[in-house]
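One-letter residues, chain by chain:
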Amino acid sequence: MKWVEFTNEQFIGGLLQSGHLSKHAAEGLAEMGIALGNGRITEEFYKNKPVLSKRKFEEFAIEFAKVYHQA
């Protein structure tokens with residue numbers, strides 16, 4: 001599949017043409033795409049990277065289910 005680049009205006013126009021989003025929502029999605037592309041959206045995450053647990057999701061789910069069913 002070929003990667004196709006387009007302007008933010010084209011992106012907003014396509015979203016509006018679909019008829020499913022307001023102009024405000026389309027502009028917000030374009031802004032989010034810009035922030036993702038320039039790193040602004042992940043900047044805070046990488047500055048304050050969380051310490052992740054070694055526990056796997058499956059282990060958590062089993063424990064959560066036990067507690068949930070006792071409530």
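The structure we're discussing is the one just above.
Residues numbered from 1 in each chain as written. Predicted model: local features only at pLDDT ≥ 70, side-chain atom pairs only at ≥ 80, totals over all residues. Heavy atoms only, no water.

**Q** I would appreciate a short explanation of the overall build of the protein in the present structure.
**A** Check the secondary structure of the protein and you find four helices and zero strands. Ordering the α and β elements of the protein from the N terminus gives α-α-α-α. In summary, the protein has a C-alpha radius of gyration of 20 Å against a globular reference of 11 Å for 71 residues, an excess of more than 25%. Viewed in the frame of its principal axes, the protein has a C-alpha envelope of about 50 × 30 × 30 Å. Counting the 71 residues in the protein, one finds 7% classified as buried. Of the roughly 6900 Å² of accessible surface on the protein, a fraction of 61% belongs to carbon and sulfur atoms. Of the charged side chains in the protein, 9 are positive and 9 negative, and the gap between their average positions amounts to 7 Å. (Helix = DSSP H or I, 4+ residues; strand = E, 2+ residues; numbered from the N terminus. Rg over C-alpha atoms; globule rule 2.2 N^0.38 Å. Buried < 20%, exposed > 50% of the residue type's maximum accessible area, 1.4 Å probe, protein only. Areas by Shrake-Rupley, 256 points an atom, 1.4 Å probe, with all protein chains shown as cover. Lys, Arg positive; Asp, Glu negative; His and termini not counted. Charge placed at Lys NZ, Arg CZ, Asp CG, Glu CD.)

**Q** Could you clarify how one ought to interpret the packing of helix 1 (residues 8–18) against helix 2 (residues 23–38) in this entry?
**A** Running from amino to carboxyl end, helix 1 crosses helix 2 at an angle of 140°, the nearest separation of the two axes being 9 Å. What the angle tells us is that helix 1 and helix 2 run oblique. Crossing hand, helix 1 versus helix 2: right-handed. Across the interface between the two elements, Asn-8, Phe-11, Ile-12, Leu-15 and Leu-16 from helix 1 touch Lys-23, Ala-26, Glu-27, Leu-29, Ala-30 and Ile-34 from helix 2. (Axes fitted to C-alpha atoms, helices over the stretch in contact; angles between N-to-C directions. Parallel < 35°, antiparallel > 145°, perpendicular 65-115°, else oblique. Left-handed = near helix turned anticlockwise from the far one by under 90°. Contact = heavy atoms within 4.5 Å.)

**Q** Mind showing me how you'd approach the pattern of salt bridges here?
**A** Scanning all chains against the criterion turns up three salt bridges. The closest approach of N and O atoms between Glu-43 and Lys-47, which form a salt bridge, is 3.4 Å. Here the residue Glu-43 and the residue Lys-47 both occupy positions in helix 3 (residues 40–47), the gap between them amounting to four residues, near one helical turn. Between Arg-55 and Glu-63 there is a salt bridge, and its shortest N-O distance comes to 2.6 Å. Take Glu-63: its relative accessible area is 44%, and that puts it in the partly exposed class. (Salt bridge = Lys/Arg side-chain N within 4 Å of Asp/Glu carboxyl O.)

**Q** I keep staring at a nonpolar patch on the surface and nothing clicks. Help me out?
**A** Nonpolar side chains collect at one region of the surface, where Leu-21, Leu-29, Met-32, Leu-36 and Ile-41 lie side by side and expose about 420 Å² of accessible area between them. The leading source of residues in the nonpolar patch is helix 2, at three residues. On the secondary structure map, Leu-29 appears in helix 2. Residue classification places Leu-29 among the partly exposed positions, given a relative accessible area of 32%. (Patch = residues over 30% accessible without salt bridge, like charges linked within 9 Å, V, L, I, M, F, W, Y side chains within 5 Å.)

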